Amino acid sequence: MSSPIPLEVDGLSVRFGPRRALSRVSLCASAGELVALAGPNGSGKSTLLRACLGLLAPAEGRVRLFGTDGTLLSIRERARRVAWVPQEEAPRDNVRLLDYVLFGRFAHLPPFTGESEVDRNAAARALAEAGLADRSDAGILELSGGEKQRLALARALAQEAPLLLLDEPTAHLDIAHQLDLFERVRRQVRERGLCAVAAMHDLNLAARFADRIVVLSHGQLVSDGPPETVLSVPLLREVWGVETELRRDPTTHRPYLLPLRSVAQGILAGPADRRLGPVHVVGGGGSASPILRRLVEEGFHVTAGALPLLDTDAETADELGIPYSAEVPFAPIGEVAQARTRELLSAARVVVIAPVPTGPGNLVNLELVEAIGHPERVVWYARREELDYTGGKANELSRRLLAGGAKELNDLDALVAASRQAIPTGSPLAVAARG
Amino acid sequence: MLAGVSIPLGAEVRILLHQTSFGLLFPSACPSETLPLRCAAWTEILWDAVVPEVLLALLVGAALGLSGATLQGTFRNPLADPYLLGISSGGTLGAAFLFIFRVGLAEANLVLPLLAFLGSLGTGALILLASRYLGGSIETLLLVGVALANVLSAVLSVVLLYNPVGSIQVSFWLLGGVGGASWGRDGLVLGGLLMAGAPLMLFGRQLNLLQLGPEVAQSLGVDARRVRHRLLLLASLATSVAVAFTGVIGFVGLIAPHVVRRVWSSNYRAVLPGSALVGAAFLLLARDLSVIAAPPGNLPVGLFTAFAGAPFFFLLLLRHRRGVYMGGGG
């Protein structure tokens, strides 16, 4: 082909009547690359794929296929460059699998002629790639959903187009068939140098198989890059409206995410400080992790600190996208960390103190809590006197706070209830949170 | 068996062979014991009335079967047939105008088919035109056709309300028949059938691909919209030719493709010629039944297509409830 770049989308807009389904989207996809298109429902993934296929006309911008403007290609020429795997095959007639895959050869047939040996070989090869070689004489209605999608892939492969577009091809499949299908697609990409662009709903699947993830939201391109840079807690919150915990697969180093809860509407596009809170948690060594996680799940805006970097609680805060003040490990909390912690503390409506062992290095955290001068905002969670390694200073401080109105609680439900109560309903913050 | 008049079978065969071999096989049409006058009458009945009628039944059946198969494939709808879209209603309306203006019978022989033909072809064209302005999805096309059919039959009702005499003639027209066949008419129908059928046979592959849905078909290289429009035009042509000479004969176009799909193949490269064959055989059968049931041949064939076709169709549906039908070749 004339250009090495299979797909170039340049400032593409697509309209449905007055509605703009796609707004100046630009992206490229190269040979040997599997690109995932991600985005919530209605974000424009399918629209983008359909525009690349020539099923929708661009209102602005253009789609170039191997260097040629898509609108200049005939439908047959396009079919020789781009193949398509739809979300679902819904066959009505019980066509033999081999015949079904031969449908993919249409664009290669000279007018008014039948399939030649070349076409039959291509079809047989494609069936084998899809793992259906031994069933070529079966009827399509005998296939399971997963096999039907593999058959759709086989038909697309028989087309021998160097660009493969897939529209959520595993949307209706069980997990084994999901993995199987994308493994086959990736093999084609790796071994045959195909370029594949797939709309994908399952972000973990996308993170696992895609070389790049392109995120669309409301018809606009929001992010484009390798999975580990694209997937982030704030992006998932902003685009999908979901609080997640982001981890890293220790063997593949690909990110994978654990959805926690959806964020109520109305907070979705808003800045973080419009959510319920903030609630600040003082912890360390993993003592605060369950609290952080529960509070995030309950919809609170949570802050933490000061925490040593690489500490379990710091990792949890990272995964949950919680802002926190940090200090380097095994060092006393320094001036900068103290200032940042003071800032977070004074913004907090509720301060939770986790059952963290207190020594000379982190006593300053408690001192900072006392220094903001609102003991009534403090909740001491699962307080135990034996955690004091400062020779009684920490316990003395805790008694002072409790005397000043701090609460002492021992289970998370009560903690959540108390935090809710402490943030007055009807306040601008709470109203915003209810959306 | 073929005619209302009983001619000995041997004589029938002999006359037919004589006529088709231009007198080479049998120098005289009838056995020597037959009176020459009777022989001439038999020959005339067979050759100028029965044979053209049989041929007309075959040709019209083929046209309707082909048209039905094409429309079912084009619309991916097993209920589609030449009459659902109002193509035939246009023909009926065209014919009705003739009855209303009371054109003399001599002229009617020529003008009636022409008006019916133009009426139905015009309706097909109108559907295409409308779909072009309305976006042209399959559903739109189908709805436009159905709406048009309703409008046309409403217009027809109004027209007939004010012309009670015409209404009897039109109701015969509505039931359809192959009476009044002639060699000339057969030639016209054959011409029309070839004009529509020959190109249609080349669309088998495209029709197969259209069954996967317009988007997949297009991704495989089929210009779905353009192909659909061409198919609709050709199916209208085939229907119009049939409607012009026989009026409205229902059911043939609907069931012929189903029969082929159920007993042979769902591959459109087989369904198209197969439906033409089944349609031809079916209409001939209906025509023969109508002759047997009412010797003068006055019961409209259209009634028999429904009488004979519906039970047969039920039987087919029952027997092949869970059958597997495969197509060969893409």
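A quick note: this is a predicted structure, and the numbers were derived from the prediction, not measured.

**Quick notes on the overall build of chain A**
Broken down by element type, chain A carries 16 helices and 18 strands. Principal axes of the C-alpha set define a box for chain A whose edges measure 95 × 45 × 40 Å. Counting over 435 residues, chain A shows a buried share of 54%. In chain A, 68% of the contacts between residues at least 6 apart in sequence involve partners at least 24 apart. If you sum the accessible surface of chain A, you get close to 18200 Å²; carbon and sulfur atoms cover 52% of it. Side-chain charges of chain A comprise 49 positive and 54 negative groups, with the mean position of each set lying 5 Å from the other.

**Some points on helix 13 (residues 363–371) of chain A**
Residues and elements named next belong to chain A. By the burial criterion, the buried members of helix 13 are Leu 363, Val 364, Asn 365, Leu 366, Leu 368 and Val 369. Where the residues of helix 13 are buried, they touch strand 13 (276–282), strand 14 (300–308), helix 12 (335–347), strand 16 (350–353), strand 17 (378–381) and helix 14 (393–403). Gly 373 lies just past helix 13 and shows a positive phi near 75°.

**A closer look at the nonpolar core**
One finds Leu 7, Leu 48 and Val 197 of chain A to be the most contacted residues of the largest nonpolar core, which totals 150 residues. Of the residues forming this core, the biggest block, 11 residues, is contributed by helix 10 (residues 224–246) of chain B. For Leu 48 of chain A, the residues in contact, after removing those within four places along its chain, are Val 9, Leu 12, Leu 22, Val 25, Leu 27, Leu 37 and Leu 216 of chain A. Membership of the second largest hydrophobic core comes to 29 residues, among which are Ile 291, Val 302, Val 350 and Ala 418 of chain A.

**Notes on the packing of aromatic side chains**
For the structure shown, the criterion picks out three aromatic pairs over all chains. Aromatic pair Tyr 100 of chain A and Phe 103 of chain A: ring centres 5.6 Å apart, planes at 50°, arrangement tilted. Per residue, the accessibility class of Tyr 100 of chain A equals that of Phe 103 of chain A, and both read buried. Measuring from ring centre to ring centre gives 5.0 Å for Trp 47 of chain B and Trp 183 of chain B, while their planes differ by 35°; the resulting arrangement is tilted. Taken together, the residues span a long stretch of sequence, with Trp 47 of chain B in helix 2 (residues 36–75) and Trp 183 of chain B in helix 7 (residues 183–201) at a distance of 136 residues. Of the residues examined, Trp 183 of chain B reaches a relative accessible area of 36% and is grouped as partly exposed. If you follow Arg 76 of chain A out to its NZ or CZ, it ends over the ring of Phe 106 of chain A, 5.8 Å from the centre.

**A few points about the side chain of Ser 275 of chain B**
Residue and element names in this part refer to chain B. Residue placement: Ser 275 occurs in helix 12 (residues 268–293). A polar contact of 2.6 Å, which involves the side chain of Ser 275, links it to the backbone oxygen of Val 271. Ignoring any residue separated from it by four or fewer positions in sequence, one finds Ser 275 in contact with Gly 65, Leu 66, Ala 69, Ala 256, Pro 257 and Val 260.

**Some details on the pattern of salt bridges**
Opposite charge on two side chains allows them to pair when their charged atoms are near. Residues and elements named next belong to chain A. By the definition in use, this model includes 40 salt bridges over all chains. Between Glu 117 and Arg 120 there is a salt bridge, and its shortest N-O distance comes to 4.0 Å. Of this pair, Glu 117 and Arg 120 both sit in helix 4 (residues 117–129), three residues apart, which is roughly one turn of the helix. For the salt bridge of Arg 294 with Asp 413, the shortest nitrogen-to-oxygen distance reads 2.9 Å. Separated by 119 residues along the polypeptide, Arg 294 in helix 10 (residues 289–297) and Asp 413 in helix 15 (residues 412–422) bring together distant segments of the chain. Asp 413 gets classed as partly exposed once you look at its relative accessible area, which sits at 49%. Each of Arg 15, Arg 20, Arg 24 and Glu 60 takes part in a single network of salt bridges with overlapping partners.

**A closer look at the interface of chain A and chain B**
Residue-level contacts link 30 residues of chain A with 25 residues of chain B. Between chain A and chain B lies a buried interface of about 2300 Å² when both sides are counted; carbon and sulfur atoms form 58% of it. Area buried by chain A at its contact with chain B is led by Ile 75, Phe 103 and Phe 106 of chain A, which between them contribute 28% of it. Along the contact surface separating chain A from chain B lie two salt bridges. Measuring nitrogen to oxygen at the nearest pair gives 2.6 Å for the salt bridge that ties Glu 215 of chain B to Arg 50 of chain A. Applying the counting criterion to the chain A and chain B interface returns three residue pairs in polar contact (both at pLDDT 80 or more). Residue assignment for the side of chain A that touches chain B shows that the elements contributing at least two residues are helix 1 (45–53), helix 2 (75–81), strand 6 (82–85) and helix 3 (97–102) of chain A.

**A short note on the pairing of strand 1 (residues 7–16) of chain A**
Residues and elements named next belong to chain A. Burial of strand 1 is extensive: seven of the 10 residues sit out of reach of the surface. For strand 1 and strand 4 (residues 60–65), the ladder comprises five bridges, and the chain directions are antiparallel. From the neighbouring strand, Asp 10 faces strand 4, where its bridge partner is Arg 62. With seven bridges connecting them, strand 1 and strand 2 (residues 19–29) associate as antiparallel partners. Bridge pairing links Arg 15 to Arg 20 in strand 2. Two successive antiparallel strands, strand 1 and strand 2, enclose a turn made up of two residues, where Gly 17 displays a positive phi of approximately 60°.

**Here we look at the environment of Leu 232 of chain B**
Residue and element names in this part refer to chain B. By the secondary structure assignment, Leu 232 is in helix 10. Classification of Leu 232 by relative accessible area gives buried; the value is 1%. Along the backbone, Leu 232 and Thr 43 are 189 residues apart, and their C-alpha atoms lie at a distance of 41 Å. Leaving out residues up to four positions away in the same chain, Leu 232 has contacts with Leu 71, Phe 75, Leu 85, Ile 127, Leu 128 and Leu 141.

**Focus: the sheet that holds strand 1 of chain A**
Residue and element names in this part refer to chain A. With antiparallel pairing, the four strands of this open sheet are ordered in space as 2-1-4-5. A single partner strand is all that each edge strand has here, and the edge strands are strand 2 and strand 5 (68–69). Contacts from helix 1 reach strand 1, strand 2 and strand 4, with the element oriented near 115° to strand 1.

**Focus: empty space enclosed by the protein**
All names here are of chain A. As enumerated under the stated definition, the model contains three cavities of 30 Å³ or more in all. Space inside the largest cavity adds up to approximately 130 Å³. Surrounding the largest cavity, 14 residues form its lining, Val 356, Thr 358, Trp 380, Arg 384 and Leu 387 being those nearest its centre. Of the residues forming the lining of the largest cavity, the biggest block, three residues, is contributed by helix 14.

**Remarks on the domain arrangement of chain A**
How large an interface is tends to be reported as the accessible area lost when its parts come together. As far as domains go, chain A holds domain 1 (7–231) and domain 2 (262–434). On a C-alpha basis, the centres of domain 1 of chain A and domain 2 of chain A stand 48 Å from each other.

Cut-offs and rules
- Residues numbered from 1 in each chain as written.
- Chains lettered and ligands numbered in written order.
- Predicted model: local features only at pLDDT ≥ 70, side-chain atom pairs only at ≥ 80, totals over all residues.
- Heavy atoms only, no water.
- Helix = DSSP H or I, 4+ residues; strand = E, 2+ residues; numbered from the N terminus.
- Buried < 20%, exposed > 50% of the residue type's maximum accessible area, 1.4 Å probe, protein only.
- Contact = heavy atoms within 4.5 Å.
- Areas by Shrake-Rupley, 256 points an atom, 1.4 Å probe, with all protein chains shown as cover.
- Lys, Arg positive; Asp, Glu negative; His and termini not counted.
- Charge placed at Lys NZ, Arg CZ, Asp CG, Glu CD.
- Core = buried A, V, L, I, M, F, W, Y, C linked by side-chain atoms within 4.5 Å.
- Phe/Tyr/Trp six-rings, centres within 6.5 Å; stacked < 30°, edge-to-face > 60°.
- Lys NZ or Arg CZ within 6 Å of the ring centre and 35° of its normal.
- Polar contact = N/O pair within 3.5 Å; in protein donor to acceptor, adjacent residues only side chain to side chain.
- Salt bridge = Lys/Arg side-chain N within 4 Å of Asp/Glu carboxyl O.
- Buried area = accessible area lost by both parts, 1.4 Å probe.
- Pairing = 2+ DSSP bridges.
- Axes fitted to C-alpha atoms, helices over the stretch in contact; angles between N-to-C directions.
- 1 Å grid on protein atoms, 1.4 Å probe; cavity = no way out; pocket = protein on both sides within 12 Å on 5 of 7 lines; lining within 4 Å.
- Points joined across faces, edges and corners; volume = space filled by probe spheres on them.
- Domains from an automatic or database assignment.

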